[in-house]
Amino acid sequence: MSIVFHGLTIDPEWLLHRLTYTVLIVVGGYLVLRWYGHVTRRLMEYLGKRRALARGYGVVLQRMTTWFLWLLIWVVVLRVWGVDVTAIWTTFVSLLAVIGVGMLAVWAMVSNITARFFIWFWQPLQLGQRIEIFPESLSGEVVAENLMFTELRQEDGTIVVIPNNLFFQRIIRRLPEAEKTIMQGKTTL
């Protein structure tokens, strides 16, 4: 005997099996995740006593693995119901990749723009000033600044384009004004 529901013929035995499997998978997954949470907490307590381990690392690790395991459980449930999860999985992974690349690009742009505003505010370097960046030993005269980059003209005349956020990650040596004018005199001769 089959049931017709909105034009779909449904076999009650098939429906009962799928519901039973779904309940068993979800309840079993819940119990496994509870056990996993208990084991993870105990492990973090044990490691915290033996080493200086921040509790935050354990919490982040537990949350990430818990989310991943729940995602895996729901993929299995969808497979039980006959849903092809390949397209869903491919879309999800592609979306995560695009978000990751986008976040990296946005982070680089925002950090450079923010660094430029701090450079304008605190003025660790100025146009026309000779600087040296360590440990790379890049040196030259600051010839151009914009929101993303600062340009240095080196002794041989080449232009080095440096991202603005580098100035907050490296040591900068500024040449005194007397040395700057001497250096400018050498370059004009």
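Here the structure is shown first, and the text comes after it.
Since this is a predicted model, take the numbers as computed values, not measurements.

### Thoughts on the side chain of Gln-62
Along the polypeptide, Gln-62 turns up in helix H2 (residues 55–80). When neighbours within four sequence positions are excluded, Gln-62 is seen to be in contact with Tyr-36, Gly-37, Thr-40 and Arg-41.

### With respect to the sheet that holds strand S3 (residues 130–134)
Strands sit in the order S6-S5-S4-S3-S7 across an open sheet of five strands; the sheet is antiparallel. Across the chains shown, the open sheet's two edge strands, defined by having one partner strand only, are strand S6 (159–163) and strand S7 (171–174). Within this sheet the neighbouring strands show an average axis-to-axis angle of 40 degrees, counted without direction. Direction of pairing for strand S5 (residues 149–153) relative to S6: antiparallel, over a ladder of five bridges.

### As for a nonpolar patch on the surface
A cluster of nonpolar side chains, contributed by Phe-68, Leu-72, Val-76, Trp-89, Phe-92, Val-93 and Leu-96, occupies part of the molecular surface with about 620 Å² of accessible area. Those elements that provide at least two residues to the nonpolar patch are H2 and helix H3 (85–122). With four residues, H3 is the largest single contributor of residues to the nonpolar patch. In this structure, Leu-96 sits in helix H3.

### A few points about the environment of Ala-108
Within the secondary structure, Ala-108 sits in helix H3. With a relative accessible area of 27%, Ala-108 lands in the partly exposed category. Measuring from C-alpha to C-alpha, the distance between Ala-108 and Asn-165 comes to 8.5 Å, with 57 residues separating the pair along the chain.

### A word on H3
The end-to-end C-alpha separation of H3 is 54 Å, in line with the 56 Å expected for 38 residues at 1.5 Å each. Here H3 has its buried residues at Val-85, Ser-111, Asn-112, Ala-115, Arg-116 and Ile-119. At the exit of H3 stands Gln-123, carrying a positive phi of roughly 50 degrees.

### A closer look at the packing of aromatic side chains
By the definition in use, this model includes five aromatic pairs. Judged by centre distance (5.4 Å) and plane angle (70 degrees), the rings of Phe-117 and Trp-120 are edge-to-face. With Phe-117 and Trp-120 both in helix H3 and three residues apart, the pair spans about one turn of that helix. For Phe-117, a relative accessible area of 45% corresponds to the partly exposed category. A centroid spacing of 5.6 Å and a plane angle of 70 degrees characterise the contact between Phe-121 and Trp-122, whose relative ring orientation is edge-to-face. Comparing Phe-121 with Trp-122, the two get one shared label, exposed.

Conventions used here
Residues numbered from 1 in each chain as written. Predicted model: local features only at pLDDT ≥ 70, side-chain atom pairs only at ≥ 80, totals over all residues. Heavy atoms only, no water. Helix = DSSP H or I, 4+ residues; strand = E, 2+ residues; numbered from the N terminus. Contact = heavy atoms within 4.5 Å. Pairing = 2+ DSSP bridges. Axes fitted to C-alpha atoms, helices over the stretch in contact; angles between N-to-C directions. Patch = residues over 30% accessible without salt bridge, like charges linked within 9 Å, V, L, I, M, F, W, Y side chains within 5 Å. Areas by Shrake-Rupley, 256 points an atom, 1.4 Å probe, with all protein chains shown as cover. Salt bridge = Lys/Arg side-chain N within 4 Å of Asp/Glu carboxyl O. Buried < 20%, exposed > 50% of the residue type's maximum accessible area, 1.4 Å probe, protein only. Expected span 1.5 Å × (residues − 1). Phe/Tyr/Trp six-rings, centres within 6.5 Å; stacked < 30°, edge-to-face > 60°.

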